[in-house]
Amino acid sequence: MKAEKYCGLCGQKIEIEYEPRQTVKVICPNCNAETDWKFYKNGNFDTVTYLKGEAVELHERMKKA
């Protein structure tokens, strides 16, 4: 299955291929934030985002603004 989602940090559009109940690790091509996406059959999803490198710097700049 495919889903079109957006990076929770920078807003970059991301295309995700997934299977229900399987975790998919996606790295944003814009800010390099790593996000684990887990989709369910009813359309709901969970995400966990890991910040490192450029993503940490971007997150710090966004907090100050």
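Residues numbered from 1 in each chain as written. Predicted model: local features only at pLDDT ≥ 70, side-chain atom pairs only at ≥ 80, totals over all residues. Heavy atoms only, no water.

## So, the overall build of the protein chain
(1) Moving on: Tallying secondary structure elements over the protein chain gives one helix and five strands in all.
(2) Moving on: In the protein chain, the succession of helices and strands from N to C terminus is β-β-β-β-β-α.
(3) Moving on: The principal-axis extents of the C-alpha atoms in the protein chain amount to approximately 40 × 20 × 15 Å.
(4) Moving on: For the protein chain, the residues scored as buried account for 29% of the 65 residues in total.
(5) Moving on: Summed over all atoms, the accessible surface of the protein chain reaches about 4,700 Å², with 47% contributed by carbon and sulfur.
(6) Moving on: Charged side chains in the protein chain number 11 positive and 10 negative. The centres of these two groups are separated by 4 Å. (Helix = DSSP H or I, 4+ residues; strand = E, 2+ residues; numbered from the N terminus. Buried < 20%, exposed > 50% of the residue type's maximum accessible area, 1.4 Å probe, protein only. Areas by Shrake-Rupley, 256 points an atom, 1.4 Å probe, with all protein chains shown as cover. Lys, Arg positive; Asp, Glu negative; His and termini not counted. Charge placed at Lys NZ, Arg CZ, Asp CG, Glu CD.)

## Focus: the state of the cysteines
(1) Moving on: Across all of its chains, the model carries zero disulfides by this definition.
(2) Moving on: Cysteine Cys 7 remains unbridged, with the sulfur of Cys 31 as its closest cysteine sulfur at 3.7 Å.
(3) Moving on: Exposure remark for Cys 7: the relative accessible area of 8% places this residue in the buried category.
(4) Moving on: Cys 31 sits in the buried class, given a relative accessible area of 3%. (Disulfide = S-S within 2.5 Å.)

## Observations regarding the pairing of strand β3 (residues 23–27)
In summary, the side chains of a regular strand alternate between the two faces of the sheet.
(1) Moving on: Only one face of β3 is covered, namely the one carrying Val 24 and Val 26; the face carrying Thr 23, Lys 25 and Ile 27 has none of its residues buried.
(2) Moving on: Pairing geometry for β3 and strand β4 (residues 34–39), over five bridges, is antiparallel. Paired with Lys 25 across the bridge in β4 is Asp 36. (Pairing = 2+ DSSP bridges.)

## A look at unusual backbone geometry
(1) Moving on: We note that Arg 21 has phi near 70°; this positive angle belongs to a residue other than glycine.
(2) Moving on: Secondary-structure assignment places Arg 21 in the loop between β2 (13–17) and β3.
(3) Moving on: Owing to a relative accessible area of 62%, Arg 21 belongs among the exposed residues under this scheme.

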